[in-house]
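# Fold and geometry: a report
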Amino acid sequence: MTLTDWWARLEAAPGFGGPRRYVHDLLGVELARVLETGGVLRQVGIARNYPCEERAGDHCPRAVIEIDGAHHAVCGNRPVGCCDLVLTEREAGLLTTNMMSLCRIIGSTLGTRGSPERIRDLSGVHRVGSIIPGPGIRYPVYLVIRSNAQSYTEAFGALVGRQARTPFSMLVPTGRFLTDQIEHEAQTRGVVILTLDDILVLVDGRFACAVDPETLFSDLGQRPRGSFGAGQTVARALVCNGKSQAR
């Protein structure tokens with residue numbers, strides 16, 4: 001599996017994880033080890049379930065139970081619809097995605113400043129850090145992971161409202177859910193949207209940027225000529241309270 005495939009899976013399931021053996025089979029041992037070494041995937045105890053490739057009824061995934069010191073993934077159906085799977089303790093370890101570690105790696109690779117944080121009032125949104133192109137200029141960089149176009153539109157709108165007139169950069173795992181509407185509005189507001197599957201690669205087991213990071217943010221804060229700016233009249237209204245003259 002490539003890093004591009006990983007981004008697509010993360011976008012489909014932001015809480016990506018599972019038993020170590022399952023994750024290794026899904027991602028490939030090499031990629032899974034890179035993610036573990038970097039702290040993106042970390043173990044949080046022993047898995048209680050194991051996904052069933054045989055899809056044997058409504059009780060998949062299998063339950064993981066300990067029998068005579070070994071971990072067994074057993075079918076929950078009666079009659080049994082799939083074979084037991086014997087796991088070592090390491091194979092049964094539950095891996096989950098550590099978003100803070102992922103943000104730190106992305107920030108380090110792209111050259112952002114500051115520590116990552118989760119935006120608690122926006123689901124699937126983390127602040128990776130800031131881009132500081134010059135003294136006194138600071139543009140926030142957000143990682144947004146949603147699972148459909150409408151949800152990305154809502155997240156973008158929420159960030160626009162949150163930042164008021166301050167431009168920002170929005171990182172997304174893939175570009176499959178980006179619409180013309182989002183990209184056009186981002187351009188008019190000086191917002192830069194970057195797709196991680198296009199710009200991040202693995203080099204010798206480490207995350208690297210496929211291009212010079214400075215060029216990625218060169219348009220940040222740049223609005224097209226003729227776009228509406230602060231203080232310009234964008235609409236006229238005739239207001240009347242029903243008593244005094246309209247204004």
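For the structure given in this document, a descriptive report is provided here. Please read these numbers as outputs of a predicted model, since none were measured by experiment.

## Digging into the sheet that holds strand β7 (residues 93-97)
- Strand order in this open sheet of 3 strands is β1-β7-β2, and the pairing throughout is antiparallel. Of all strands in the sheet, those with a lone pairing partner are β1 (17-19) and β2 (41-46), marking the two edges. The average undirected angle you get between the axes of adjacent strands in this sheet is 25°.
- Here 3 bridges tie β1 to β7, and the two strands are oriented antiparallel to one another. Bridge pairing links Pro19 to Leu94 in β7.

## Some details on the sheet that holds strand β3 (residues 49-50)
- Spatially, β3-β4-β5-β6 is the arrangement adopted by the 4 strands of the open sheet, whose pairing is antiparallel. Only two strands of the sheet have a single neighbouring strand rather than two, namely β3 and β6 (85-87).

## Regarding the nonpolar core
- Counting residues in each nonpolar core, the largest one holds 36 residues, and the members touching the most others are Trp6, Trp7, Leu27, Ile106, Leu110, Leu143 and Leu171.
- Among the elements that line this core, the one with the most residues is helix α4 (residues 99-110), at 6 residues.
- Beyond its immediate sequence surroundings of up to four residues, Leu171 is in contact with Ile106, Leu110, Val128, Val141, Tyr142, Leu143, Val144, Leu194 and Leu196.
- One finds Leu122, Ala155, Met170 and Ala186 within the second-largest nonpolar core, a separate group that totals 17 residues.

## Points about helix α5 (residues 149-163)
- Under the 1.5 Å per step criterion, the end-to-end length of α5 is 21 Å for 15 residues, consistent within 8% with the ideal 21 Å.
- Inspection of α5 places Ser151, Tyr152, Ala155, Phe156, Leu159, Val160 and Gln163 among the buried residues, and these make up the whole buried set.
- The inward-facing, buried residues of α5 abut α1 (3-12), β9 (125-134), β10 (137-144), β11 (169-172), α6 (180-189) and β12 (192-195).
- Capping the start of α5 is the job of one residue whose side-chain oxygen sits 3.3 Å from the backbone nitrogen of Gln150: Asn148.

## Observations regarding the pairing of strand β13 (residues 200-203)
- Relative to strand β14 (residues 206-209), β13 runs antiparallel, the two being bridged by 4 bridges. Following the sheet pairing, Val203 is matched in β14 by Arg206.

Rules and cut-offs
- Residues numbered from 1 in each chain as written.
- Predicted model: local features only at pLDDT ≥ 70, side-chain atom pairs only at ≥ 80, totals over all residues.
- Heavy atoms only, no water.
- Pairing = 2+ DSSP bridges.
- Helix = DSSP H or I, 4+ residues; strand = E, 2+ residues; numbered from the N terminus.
- Axes fitted to C-alpha atoms, helices over the stretch in contact; angles between N-to-C directions.
- Core = buried A, V, L, I, M, F, W, Y, C linked by side-chain atoms within 4.5 Å.
- Buried < 20%, exposed > 50% of the residue type's maximum accessible area, 1.4 Å probe, protein only.
- Contact = heavy atoms within 4.5 Å.
- Expected span 1.5 Å × (residues − 1).
- Polar contact = N/O pair within 3.5 Å; in protein donor to acceptor, adjacent residues only side chain to side chain.

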